[in-house]
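Chain by chain, the residues:
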Amino acid sequence: MSLAHSQRVCRLYRNSLKHLLSWTIDRDVFNHEARLLQARFREGAAERDPRVVANLLKSAEAEFESRKHPDPYIFPTNPGGSKYQRNTPPPFTDEKHFVEWE
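My aim in this report is to walk through the structure given alongside it, one point at a time.

A look at the overall build of the protein
Thinking step 1. Each helix and strand counted, the protein has three helices and zero strands in total.
Thinking step 2. When the elements of the protein are put in sequence order from the N terminus, they spell out α-α-α.
Thinking step 3. Taking all contacts inside the protein whose residues are at least 6 apart in sequence as the whole, residues at least 24 apart take part in 54%.
Thinking step 4. Carbon together with sulfur atoms contributes 55% to the accessible area of the protein, which is approximately 9,300 Å² in total.

Following this line, the structure appears as structure tokens:
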């Protein structure tokens, strides 16, 4: 099942911002580059011809794949992070379902 066009564009934009944050350490540089990225996406938003839009999206996805960070930053508590599921609370057991060991 394929995604709607708007979902593909939103995911591409979000992933581009995440990988851009991995490439730039300084927040001021990131903000500047993020504004440039947003301007590029807004340029394509004005296009109405479906074939041109499809080509723009395909070329943008190819550019993203070529510029993707090889080791993207993962927040420590997210899946794949260094603190993911560390010290998880024990499962809740209701007294009705509690079974004593003999």
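Additional details are given in the paragraphs that follow.
Some words on the packing of aromatic side chains
Thinking step 1. Evaluated as defined, the whole model comprises two aromatic pairs.
Thinking step 2. Ring geometry for Tyr13 versus Phe41: centroids 5.0 Å apart, planes at 70°, classification edge-to-face. Note that Tyr13 is positioned in helix H1 (residues 5-23) and Phe41 in helix H2 (residues 27-45), a separation of 28 residues in sequence.
Thinking step 3. Accessibility expressed as a relative area gives 22% for Phe41, which makes it partly exposed.
Thinking step 4. Ring centres of Tyr73 and Phe75 lie 5.2 Å apart, and the angle between their planes is 80°; this geometry places the pair in the edge-to-face category.
Thinking step 5. Judged by its relative accessible area of 52%, Tyr73 falls in the exposed class.
Thinking step 6. Among the residues examined, Phe75 registers a relative accessible area of 47% and is labelled partly exposed.

Focus: the packing of H1 against helix H3 (residues 50-67)
Thinking step 1. Two elements in contact, H1 and H3, have axes whose closest approach is 11 Å; the angle formed by their N-to-C orientations is 25°. Taken as axis vectors, H1 and H3 run roughly parallel relative to one another. Here H1 and H3 pass one another in a crossing that is left-handed. Residues His5, Arg8, Val9, Leu12, Asn15, Ser16, His19 and Trp23 of H1 form the contact with H3, whose participating residues are Val53, Leu57, Ala60, Glu61, Phe64 and Arg67.
Thinking step 2. When its residues are assigned to classes, the contact of H1 with H3 shows seven nonpolar, four polar and three charged.

Notes on H2
Residues spaced three or four apart along an α-helix point in a common direction, a consequence of the helix completing one turn every 3.6 residues.
Thinking step 1. Its 19 residues place the ends of H2 26 Å apart at the C-alpha level, agreeing with the 27 Å of an ideal helix rising 1.5 Å per residue.
Thinking step 2. Buried residues along H2 sit in contact with H1.

What to know about unusual backbone geometry
Excluding glycine, residues mostly carry a negative phi; peptide bonds, for their part, are mostly trans.
Thinking step 1. Its identity as a non-glycine residue notwithstanding, Gln85 has a phi of 60°, on the positive side.
Thinking step 2. Mapped onto the fold, Gln85 is located in the segment after H3.

Topic: the pattern of salt bridges
Side chains that differ in sign of charge can pair as their charged atoms come close.
Thinking step 1. Per the stated rule, a full pass over the model turns up four salt bridges.
Thinking step 2. Arg67 is the partner of Glu63 in a salt bridge, and the nearest nitrogen-oxygen pair spans 3.6 Å. With a gap of four residues between them, Glu63 and Arg67 both fall in helix H3, about one helical turn apart.
Thinking step 3. Here Lys68 ties to Glu65 by a salt bridge, and the two come within 3.3 Å at their closest N and O atoms.
Thinking step 4. Residues participating in the shared-partner salt-bridge network are Arg40, Glu63 and Arg67.

Definitions and limits used
Residues numbered from 1 in each chain as written. Predicted model: local features only at pLDDT ≥ 70, side-chain atom pairs only at ≥ 80, totals over all residues. Heavy atoms only, no water. Helix = DSSP H or I, 4+ residues; strand = E, 2+ residues; numbered from the N terminus. Contact = heavy atoms within 4.5 Å. Areas by Shrake-Rupley, 256 points an atom, 1.4 Å probe, with all protein chains shown as cover. Phe/Tyr/Trp six-rings, centres within 6.5 Å; stacked < 30°, edge-to-face > 60°. Buried < 20%, exposed > 50% of the residue type's maximum accessible area, 1.4 Å probe, protein only. Axes fitted to C-alpha atoms, helices over the stretch in contact; angles between N-to-C directions. Parallel < 35°, antiparallel > 145°, perpendicular 65-115°, else oblique. Left-handed = near helix turned anticlockwise from the far one by under 90°. Nonpolar A, V, L, I, M, F, W, Y, C, P; charged D, E, K, R; others polar. Expected span 1.5 Å × (residues − 1). Salt bridge = Lys/Arg side-chain N within 4 Å of Asp/Glu carboxyl O.

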